2 protein chains.
Amino acid sequence: MRARVHITLRSGVLDPQGQAIRNALHSLGFGDVRDVRQGKYIELDIDGTDPDATDAEVRRMCETLLANPVIETYRVEVVPGPEA
Amino acid sequence: MRARVHITLRSGVLDPQGQAIRNALHSLGFGDVRDVRQGKYIELDIDGTDPDATDAEVRRMCETLLANPVIETYRVEVVPGPEA
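What you see is a predicted model, and the numbers here were worked out from it, not measured in a lab.

S.K.: Explain the overall build of chain A to me, using residue names and the numbers behind them.
M.R.: Within chain A, the regular secondary structure consists of two helices and three strands. For chain A, the N- to C-terminal ordering of α and β elements is β-α-β-α-β. Here chain A has a C-alpha radius of gyration of 16 Å; the compact-globule value for 84 residues is 12 Å, and the former is much larger. By principal-axis analysis of the C-alpha atoms, chain A measures approximately 50 × 30 × 15 Å. Within chain A, buried positions represent 37% of all 84 residues.

S.K.: Describe the interface of chain B and chain A, with residues and values.
M.R.: Taken together, the 30 residues of chain B in the interface contact 30 residues of chain A. Between chain B and chain A the total buried area reaches about 3,000 Å² when both faces are included, carbon and sulfur atoms providing 57% of it. A per-residue breakdown of the area chain B buries against chain A is headed by B:D32, B:R34 and B:Y41, which together make up 22% of the total. Applying the counting criterion to the chain B and chain A interface returns two salt bridges. Taken together, chain B and chain A are joined by 13 residue pairs in polar contact (both at pLDDT 80 or more).

S.K.: Please give an account of the relation of the copies chain B and chain A that cites residues and values.
M.R.: Once chain B is rotated about the relating axis by 180° and shifted along it by 0.0 Å, it coincides with chain A to within an RMSD of 0.0 Å. What the rotation and shift describe, once combined, is the action of a two-fold rotation axis. No C-alpha of chain B approaches the rotation axis more nearly than that of B:K40, which lies at 2.3 Å. Mapped onto chain A, 100% of the interface residues of chain B again fall at the interface, so both copies present the same surface.

S.K.: Now, about the pattern of salt bridges: what can you tell me, with residues and values included?
M.R.: One pass over the structure, following the stated rule, counts 11 salt bridges over all chains. A salt bridge links B:E43 to B:R2; its shortest N-O distance comes to 3.8 Å. Of this pair, B:E43 sits in strand β2 (residues 33-46) while B:R2 sits in strand β1 (residues 2-9); the two residues are 41 residues apart in sequence, bridging distant segments of the chain. Each of the salt bridges in this network shares a partner with another, and the network as a whole consists of A:R2, A:E43 and A:D45.

S.K.: Any chance you could break down the sheet that holds strand β3 (residues 72-79) of chain B for me, citing the residues and the numbers?
M.R.: Spatial ordering of the open sheet is given by β3(A)-β1(A)-β2(A)-β2(B)-β1(B)-β3(B), a layout of six strands whose pairing is antiparallel. Of all the strands in the sheet, just β3 (72-79) of chain A together with β3 of chain B have a single pairing partner and so form its edges. Recorded for the sheet is a direction-independent mean angle of 20° between the axes of neighbouring strands. The sheet contact formed by strand β2 (residues 33-46) of chain A and β2(B) spans 13 bridges and is antiparallel.

S.K.: Describe helix α2 (residues 51-66) of chain A, and please don't skip the residues or the numbers.
M.R.: Its 16 residues place the ends of α2(A) only 19 Å apart at the C-alpha level, less than the 22 Å of an ideal helix rising 1.5 Å per residue. For α2(A), the full list of buried residues reads A:T54, A:E57, A:V58, A:M61, A:C62 and A:L66. What you see down the axis of α2(A) is that its buried residues fit within an arc of 150°, all on one side. Residues A:D52 and A:T64 are exposed on α2(A) and point more than 90 degrees away from its buried face. Summarising the contacts, the buried residues of α2(A) are in contact with β1 (2-9), β2 and β3 of chain A together with α1 (16-27) and β2 of chain B. In this structure A:D50 caps α2(A), since a side-chain oxygen of it lies 3.0 Å from the backbone nitrogen of A:D52.

S.K.: Tell me about the packing of α2(A) against α1(B), residues and numbers included.
M.R.: Contact geometry of α2(A) with α1(B) gives a least axis separation of 11 Å together with a crossing angle of 105°. Here α2(A) lies roughly perpendicular to α1(B), going by the angle between them. Contacts between α2(A) and α1(B) involve A:M61, A:L65 and A:L66 from the first element and B:I21, B:A24 and B:L25 from the second.

About the thresholds
- Residues numbered from 1 in each chain as written.
- Chains lettered and ligands numbered in written order.
- Predicted model: local features only at pLDDT ≥ 70, side-chain atom pairs only at ≥ 80, totals over all residues.
- Heavy atoms only, no water.
- Helix = DSSP H or I, 4+ residues; strand = E, 2+ residues; numbered from the N terminus.
- Rg over C-alpha atoms; globule rule 2.2 N^0.38 Å.
- Buried < 20%, exposed > 50% of the residue type's maximum accessible area, 1.4 Å probe, protein only.
- Contact = heavy atoms within 4.5 Å.
- Buried area = accessible area lost by both parts, 1.4 Å probe.
- Salt bridge = Lys/Arg side-chain N within 4 Å of Asp/Glu carboxyl O.
- Polar contact = N/O pair within 3.5 Å; in protein donor to acceptor, adjacent residues only side chain to side chain.
- Least-squares fit on C-alpha atoms with pLDDT ≥ 70 in both.
- Pairing = 2+ DSSP bridges.
- Axes fitted to C-alpha atoms, helices over the stretch in contact; angles between N-to-C directions.
- Expected span 1.5 Å × (residues − 1).
- Arc of directions from axis to C-beta.
- Parallel < 35°, antiparallel > 145°, perpendicular 65-115°, else oblique.

Take it as geometry only, folks, not as evidence of what the structure does.
As structure tokens, this is what we get:
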């Protein structure tokens, strides 16, 4: 299976990286950019054929390694993989 | 408008960060993880009401700042924003 994980900062958590991007875009003339938030996008290829089991496993990965649940939220999406 | 940008390494480009994540997952007992690729996910809030114009503008941002077109590809998605 293939899992797609989006990890983003919780709303209210300061995002200095996003602010740096916004400032750089302003300097480049993109003045209509109001806000920028940067997150992570991770694609995993996982052995297995059960989407529910894969989903549960990837959530455990997020809780233990991929995300910091204190300041980040994550979204998991499981699709048939390249060698599902 | 709100734009969602996915930036990923081109296939064939080595992804040491993804490999590090895979190795860490293996150490944690997630041995069925075959491959991991890490990319970036950026959300931008942009003044404007024309989805096509916003899409074109965000692509220019990707080419000039957000992505490195030599080794990365990007995907842009424009949706009605929080204050569309």
